[in-house]
Amino acid sequence: MRNNTNLDTGNYGDTEVDIEWINNLAWYGKAVRNDGFICEVHPGEVSSYGIWEKVLFNKVRLHIWQYRLPNVELVILLVFVLWQVFDILFKKLGLLIPKFASMMLAGLLLNVLLTVSGDKSIIQEILFPENRIDIPGCLGTFGFMMFWFLNGVKMDVKTIFKAEAHARLTGVAAAALPITAGLVLYKFKSAESIPLKAIEYNTLLLMESLTSFSEIARLLIDLGMNHSSVGQVALSTSVVSNMVGLMFWLGMVPLGFRSLVQGVGLLVQMFFFIVIVFAVVRPIMFNVIIRRREGRPIEDKYIYGILVMVFLSCMYWDGLGQFPALGAFFLGLAIPNEPPIGSALVERLESFNFGIILPLFMSASMLRSDIRVWKDILTYYSSSNDKKFAVASLVLLIFLLKLSASMIVPYLYKMPLKDSIILSLIMSHKGIIELSFYLFSYGLELLDRDTFSILVLSILLNSLFLPMAIKFLYDPSKRFMCYQKRSLASMKITGALKTLVCIHRPDHIYSMINLLEACYQSDKSPLTCYVLHLVELQGQEVPTLIAHKVQKLGAGTGAKYSENVILSFDHFHRYVRGSIFIDTFTCITNSNHMQDDICWLALDKAVTFIILPFHRTWSFNRTSIVSDSEMIRFLNFNVLKQAPCSVGILVERHLVNKNQESKQNLKVCVIFVGGEDDMETLALAKRMARQENVTLTVLCLLAAKRSKEVTGWDQILDTVELRELVRSNDPKTLKEESSTSYLEEGILDGADTSMLLRSMAFDYDLFIVGRTCGQNHAATRGVESWCEFEELGVIGDFLASPDFPSKTSVLVVQQQRNIANN
């Protein structure tokens, strides 16, 4: 095509032809003269002239979708709506299908519409405008490059060294076995039996054997398994397998050239790029982080500079004749994946890129496939289909080899058979990475259209049916199921108590320490405390759990985040000496899955009681709210639902401080109505009452008009539940009855309860109440609808509300819910 600005139409024929030629050049930006000479105008019309165009040029004007900008907007809107419809439909049907599969189905639907409607349809003009550059396709390619770059940013190569032996060996076997078997097969089989060129065969073999870390991470997120035990192994295994496949690919590069010198030269240029990004770019990024002011976000100029480097990296690898996205991927690996740079890149780019731009690439890939080939391969066999069946057979063979290797190796390492099968299915998953490489190979004519169409079909079927199989085998409801009772009420009062304390913010530290100090501990009934500092994961995919008993302070990522937590609890440990054992952990994880890490640690450590901070934090004088985190509230709800033991939520507004040297007693009030949660609160309070300077009052609310006060536990035996609790413990170990009071109050409705608690508001330092305290009881009649925070229960919510006259702290307790029936 050539540019020509000569608009002299005197030699072009009659007037009608001249007018048509001028109109085509003016509106379409392209016209063909009678002598075959092509004229173009750049840039073409970007957008319409609005209503004036319709009035003045009604017959010769363009349709709205024929302009460049409206065309791009219309294609983006069309693709977005279609893939969102598929995604929502799958969710409504209860199918956990990955989002990119919905994007592929959107492209498939457009392909079918094109095939049915023909070449002159409106959908054809929208998706493939005549005489235009494929701008939506260019945008999709940009999204695809950014997807590879962000995958590199989120990948932590250090996971390879942290992975356990069975994860490493599984990752190596999952990649090496199919590649080795495929190379041996190709060497000993004749050309007639494998009707594929060497370049086609090697491309299929490598990409089908490869397991992409980013694909596995995305699949686990979609399935909600990235924090499960199988998901953790799969993430570590996929990183190893990804690197093994990459090494195989680098080793096969020289073999693609007739001259070994050319192949080695290309390999040197690749390694030169890798050395530059890790030896030059990475130190520069760390220097930028060091120079940044503490607490300030990364400046925009550095983000723009990184984006420029992404384009330059892709151009460099494209100049080498290799897959351009690998340049963006290696650059992403060199970018520190921690805040502030890595997290800023992911936060700013990922959502828009994955939701808007990348679907254009997925749809373009599906539009390039020939759906008639799918019919041929699925219906009948003929000699003309030899190559198609060879491709399909090779894909199936590699899938089975990969499935077997990923299942046998972990099973030999004593992983349960069901988990081994789930892991093998996860490792056999295919998605965007493989599709993008096949599209690149198809663009270079390394693959013909039939082969490309079959490979696209295999990826689509893989992404639809493998998640269904995984979902069928994996039951998340049993992840934290406990086969033993882990509650305070089921323990002996002198038994060792194991607690898990969760910390989000620095102001949670001392409230938790004060509560632990108030709990009874002695050499005969020690207290074991596991402290979990929860840090939101930013800029990477792999969650991390760090045990600080193993890792020394000051070494590694966890100590950097948790130094205040570690030092504070170490000081507390030295203060109480031998009566308490403390083990500190840092969990760096996604906020939506923090509950999984809490419950896994509680299950692994056989914890009896989890203590969570309330999502609201008050000022130093306890009069105003300084923070209100919905994320922490959502977390507390989920922990209450799936915890394998009892759970407590501490609403800390008054300093709960029971100091051994203090002469002032800590006054604790337990509100008792009846039920499992109330029995749990009483069991905890009895442990606290064994302290010399803790005074306990048990307030029993009855649906009757009588009240009396006595000293000791005799009156508590009047109810069956209380009698069973006291008899389950050793009465000889109980403290003298003089420090324990029992009070009964007759209650007509919730208004009576409110007046009673208001009258006692300033008499105690800590209220302990069951989450279901008063549920379906006269004590809460008429006030259930006033409850603002369901996780605290009706009475707990009233005690923690701003309308309650005193700022006394409240501990809301829920007894163990998830226990298996033997």
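Given the structure is predicted, the values throughout are model-derived calculations rather than measurements.

Participant: Looking at this model, I keep getting lost on the overall build of the chain. Mind explaining?
Facilitator: For the chain, the count of helices and strands is 28 helices and 16 strands. When burial is assessed residue by residue, the chain has 56% of its 822 residues classed as buried. If you take every contact in the chain between residues at least 6 apart in sequence, the share linking residues at least 24 apart comes to 79%. Split by element, the accessible area of the chain, about 37900 Å² in all, is 59% carbon and sulfur.

Participant: I keep staring at the environment of Ser458 and nothing clicks. Help me out?
Facilitator: Tracing the chain through its elements places Ser458 in helix α20 (residues 449–473). Note: C-alpha distance between Ser458 and Lys430 (28 residues apart in sequence) is 8.7 Å. When neighbours within four sequence positions are excluded, Ser458 is seen to be in contact with Glu208 and Val395. Polar side-chain contacts of Ser458 include one of 2.6 Å to the backbone oxygen of Leu455.

Participant: Honestly, helix α17 (residues 386–412) in this entry has me stumped. Any pointers?
Facilitator: Structurally, the α-helix is built with 3.6 residues per turn, so residues lying three or four positions apart point the same way. With 27 residues, α17 extends 39 Å from end C-alpha to end C-alpha; this agrees with the ideal 39 Å at 1.5 Å per step. Listed in full, the buried residues belonging to α17 are Lys388, Ala390, Val391, Leu394, Val395, Ile398, Lys402, Ala405, Ser406, Val409 and Pro410. Looking one or two places after α17, you find Lys414, whose phi comes out positive at around 70°.

Participant: Would you mind showing me how to read the nonpolar core here?
Facilitator: It is characteristic of soluble globular proteins that their nonpolar side chains tend to be buried jointly. Core analysis: the biggest nonpolar cluster contains 125 residues, and Met104, Trp148, Phe149, Phe330, Ile341, Leu345 and Ile426 have the highest contact counts within it. Examining the composition of this core, we find that twelve residues originate from one element, helix α15 (residues 341–367), more than from any other. Contacts of Ile341, omitting those with residues within four sequence positions, involve Met285, Val288, Ile289, Ile298, Ile306, Ile335 and Pro336. Within the second largest apolar cluster, 50 residues are counted, among which are Cys645, Tyr764, Val769 and Leu799.

Participant: What is the right way to read the pattern of salt bridges from this model?
Facilitator: Side chains that differ in charge, positive against negative, can pair when their charged atoms come close. One pass over the full model with this rule turns up eleven salt bridges. The residue Glu350 makes a salt bridge to Arg218 at a minimum N-O spacing of 3.2 Å. Placement of the pair is Glu350 in helix α15 and Arg218 in helix α10 (residues 213–223), with a sequence separation of 132 residues. A salt bridge links Asp628 to Arg616, with the shortest nitrogen-to-oxygen separation between them at 3.2 Å. Placement of Asp628 in strand β9 (residues 625–628) and of Arg616 in strand β8 (residues 616–618) is noted, with a sequence separation of twelve residues between them. On the basis of relative accessibility, which here comes to 39%, the residue Asp628 falls in the partly exposed class. In this structure, a network of salt bridges that share partners links the residues Asp87, Lys91 and Lys99.

Participant: Please explain the side chain of Thr528 as it appears in this structure.
Facilitator: Along the chain, Thr528 turns up in strand β4 (residues 527–536). Here Thr528 falls in the buried class, since its relative accessible area comes to 12%.

Participant: Looking at this structure, I do not really get the environment of Met366. What am I missing?
Facilitator: Along the chain, the position of Met366 falls in helix α15. Residue class for Met366 comes out buried when judged on its relative accessible area of 0%. With 69 residues separating them in the primary sequence, Met366 and Leu435 have C-alpha atoms 9.6 Å apart. In this view, Met366 contacts Met104, Gly107, Leu108, Asn111, Trp374, Val456 and Leu460; residues no more than four positions away in its chain are not counted.

Participant: Before we go on, may I ask you to explain the confidence of the model for the chain in this structure?
Facilitator: Atom-level detail of predicted coordinates should not be read off regions where pLDDT is low. With 78% of its residues at a pLDDT of at least 70, the chain reaches an overall mean of 78. In the predicted structure, residues 550–558 sits below a pLDDT of 50 and forms 15 contacts with residues beyond four places in sequence or in another chain.

What counts as what
- Residues numbered from 1 in each chain as written.
- Predicted model: local features only at pLDDT ≥ 70, side-chain atom pairs only at ≥ 80, totals over all residues.
- Heavy atoms only, no water.
- Helix = DSSP H or I, 4+ residues; strand = E, 2+ residues; numbered from the N terminus.
- Buried < 20%, exposed > 50% of the residue type's maximum accessible area, 1.4 Å probe, protein only.
- Contact = heavy atoms within 4.5 Å.
- Areas by Shrake-Rupley, 256 points an atom, 1.4 Å probe, with all protein chains shown as cover.
- Polar contact = N/O pair within 3.5 Å; in protein donor to acceptor, adjacent residues only side chain to side chain.
- Expected span 1.5 Å × (residues − 1).
- Core = buried A, V, L, I, M, F, W, Y, C linked by side-chain atoms within 4.5 Å.
- Salt bridge = Lys/Arg side-chain N within 4 Å of Asp/Glu carboxyl O.
- pLDDT = per-residue confidence, 0-100.

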